[in-house]
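# Per-entry structural report
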Amino acid sequence: MKFLAANSVGKQTVKLNNAPSVIATASIVGPKEGQGPLGQYFDKVLDDDLYGEKSWEKAEAKFFQEAVEKVIVKGHKDKQEINYLLGGDLLNQLISSDFAARQLGIPFFGLYGACSTMSEAMALGAMLVDGGYADNIVCAVSSHFSTAERQYRFPLELGVQRPLTAHWTVTGAGAALVSNQGEGPYITMVTVGKVVDMGIKDSNDMGSAMAPAAADTIMAHFMDTGLTANDYDLIITGDLGRYGKDITDELVKKAGYDISAKHFDCGVEIFSPSQDPHAGGSGCGCSACVLAAYLIPHMWDGTYNSMLFLATGALLSPTSSQQGESVPGIAHAVSIHRTK
Amino acid sequence: MKKKALYAKENYRGQCTAIKQQTINRRKDVDYVDAVKQHQQEEYQQFIKDKIPKPNLLRNAIAAFVVGGLICDVGQFISNFGQNYFNLNKDDTSAFTAIVLVFLGALLTGLGIYDRIGRFAGAGSVVPITGFANSIVSPAMEFKREGYVLGVGAKMFIIAGPVLVYGFSSSVALGILHLLFSR
């Protein structure tokens, strides 16, 4: 099969010849994330997850907005210079990002890719900048433990035992400013993932549900580009958790690629096991905050030269699970290099 | 002329058969793809079976037994207290015990303690009547921000509702059976 688009590399991957640059990142997290192993790296740690608001939803919109404002200031830009804001969150009708965008006044694309939204936003944003449709764009996502918990699961004060495979939704917002000018790191390639469903019906086991999607996108990226794990310093997945990470490694190994030594899962790293997150962190904010606070800054200081960032999402809703549907997964990959 | 019409008819029939065959083949393809997909899914579910952690049933059962037992001890204490100090009769004692336990469950939920007990004890704190109080008070607290009518009022029984519906239904069914057969 032949692909006619000028920049396509294989079936799912495109190459960004103008290589848009990530010039600034910002992250705001809740108190539990601040006490975690990566606590020192975040720009701001909230004392209280209500953040002075009347509801958790309002708090989430507030720190989403603040993360966007922060990243614009850190990138030495003005709000007027931002062409588009690409963002999303986990709540119905994307209320957190919608209401933040209402205050920001930046042209806005609302995206939903469950926990994969950060890489979806970066993939689309980088393509917009690369194609000359924008000079500067902001990608931002947020999630909040308490808003997600009440939408997807039970009231917070209900005395139930969480299964060992359950994730803990990260409270936090992460933002990245992508520009056509800048000193890197550069977004060089984008691999768009397919929705993969292996029939997992347990909505508390998102790691197993997302692992096949992550493996599928990683393998598609390797096959399209001819690269292997050796070409990257890190292969970063969003929130597969302890068990999903191992399953992904094995699935990729079956196809003849070994990523286990380079595999970094944001959900595993953001909390320490003593914080009782069970499988690990999850939510849009998980991968976005770790990328914004830890990974991109470590590219600026030269610790890492190249990474494949792959946020993973479980595309379920309470309605679909109650109707007995399985949990499909998705993952998009963004290839980031320190030099062009 | 007649020959031509006959030929057209034959040709038309032939086309129909071909389309029918194509449809059957396509359906077979779809079935085949579905079968492969199902096989892959089953294989994957088998593959992950020993990779996902199993809950420690013994630990959970012991925690549930101990905490559930302690809640029942508290209930017995309240019951004895009612009998001895307020001189309540049998019916009043059980009502008194239930009222005090529901109050305690609601209070501990409001103070943010009951969810921690539940995390440790599981069914041990869900099954006693304190768990029932917890299941009503926790959504009432959670949905207060959506207002008293559509929030608290509508969502209060989101967890306990099924228990009430099927509890009432089965008691009605049992009552009818009693009426019919116990004469």
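Residues numbered from 1 in each chain as written. Chains lettered and ligands numbered in written order. Predicted model: local features only at pLDDT ≥ 70, side-chain atom pairs only at ≥ 80, totals over all residues. Heavy atoms only, no water.

Below, the discussion takes up the overall build of chain A. Each helix and strand in chain A was counted, giving ten helices and 15 strands. Here the C-alpha atoms of chain A give a radius of gyration of 18 Å, agreeing with the 20 Å that 2.2 N^0.38 yields for 340 residues. In terms of principal-axis extent, the alpha carbons of chain A reach across some 55 × 50 × 35 Å. Counting every position in chain A, which comprises 340 residues, the buried fraction comes to 62%. Here the contacts in chain A between residues at least 6 apart in sequence split such that 78% fall between residues at least 24 apart. (Helix = DSSP H or I, 4+ residues; strand = E, 2+ residues; numbered from the N terminus. Rg over C-alpha atoms; globule rule 2.2 N^0.38 Å. Buried < 20%, exposed > 50% of the residue type's maximum accessible area, 1.4 Å probe, protein only. Contact = heavy atoms within 4.5 Å.)

Right, let's get into the nonpolar core. The biggest cluster of nonpolar side chains holds 50 residues, and the ones touching the most others in it are Met 118, Met 122, Ile 187, Leu 295 and Ile 336 of chain A. Here this core gathers at least three residues from each of two domains, domain 1 (8–179) and domain 2 (186–337) of chain A. Residues contacting Met 122 of chain A, with those up to four places away along its chain left out, are Val 22, Cys 139, Ile 187, Leu 291, Phe 309, Val 334 and Ile 336 of chain A. Core analysis: the second largest hydrophobic core is formed by 31 residues, Ala 211, Val 252 and Ala 314 of chain A together with Ile 48 of chain B among them. (Core = buried A, V, L, I, M, F, W, Y, C linked by side-chain atoms within 4.5 Å. Domains from an automatic or database assignment.)

Residues and elements named next belong to chain A. Evaluated as defined, the whole model comprises one cavity of 30 Å³ or more. Its volume calculated, the largest cavity comes out at about 110 Å³. In terms of lining, the largest cavity is formed by 13 residues, of which the most central are Leu 90, Cys 115, Tyr 152, Arg 153 and Met 206. Each of domain 1 (8–179) and domain 2 (186–337) contributes no fewer than three residues to the lining of the largest cavity. (1 Å grid on protein atoms, 1.4 Å probe; cavity = no way out; pocket = protein on both sides within 12 Å on 5 of 7 lines; lining within 4 Å. Points joined across faces, edges and corners; volume = space filled by probe spheres on them.)

All names here are of chain A. Parsing chain A into structural domains produces domain 1 (8–179) and domain 2 (186–337). Counting from both sides, the interface comprises 62 residues of domain 1 and, opposite them, 64 residues of domain 2. Both sides together, the interface formed by domain 1 and domain 2 hides about 4,900 Å², and carbon and sulfur atoms give 66% of it. Among the residues domain 1 hides against domain 2, the three largest losses belong to Gln 12, Cys 115 and His 167. Together they make up 16% of the total. At the boundary of domain 1 and domain 2, one finds zero salt bridges. Connecting domain 1 to domain 2 are 23 residue pairs in polar contact (both at pLDDT 80 or more). (Buried area = accessible area lost by both parts, 1.4 Å probe. Salt bridge = Lys/Arg side-chain N within 4 Å of Asp/Glu carboxyl O. Polar contact = N/O pair within 3.5 Å; in protein donor to acceptor, adjacent residues only side chain to side chain.)

Our next topic: the packing of helix H2 (residues 56–74) of chain A against helix H5 (residues 145–152) of chain A. Residues and elements named next belong to chain A. Viewed as axis vectors pointing N to C, H2 and H5 meet at an angle of 130°, and their least axial separation amounts to 8 Å. Classed by the angle they form, the pair H2 and H5 counts as oblique. Like other packed secondary-structure pairs, H2 and H5 cross with a definite hand, here left-handed. On the side of H2, the interface is formed by Trp 56, Glu 57 and Glu 60, while H5 contributes Ser 146, Thr 147 and Arg 150. For the contact of H2 with H5, the residue count by class is one nonpolar, two polar and three charged. (Axes fitted to C-alpha atoms, helices over the stretch in contact; angles between N-to-C directions. Parallel < 35°, antiparallel > 145°, perpendicular 65-115°, else oblique. Left-handed = near helix turned anticlockwise from the far one by under 90°. Nonpolar A, V, L, I, M, F, W, Y, C, P; charged D, E, K, R; others polar.)

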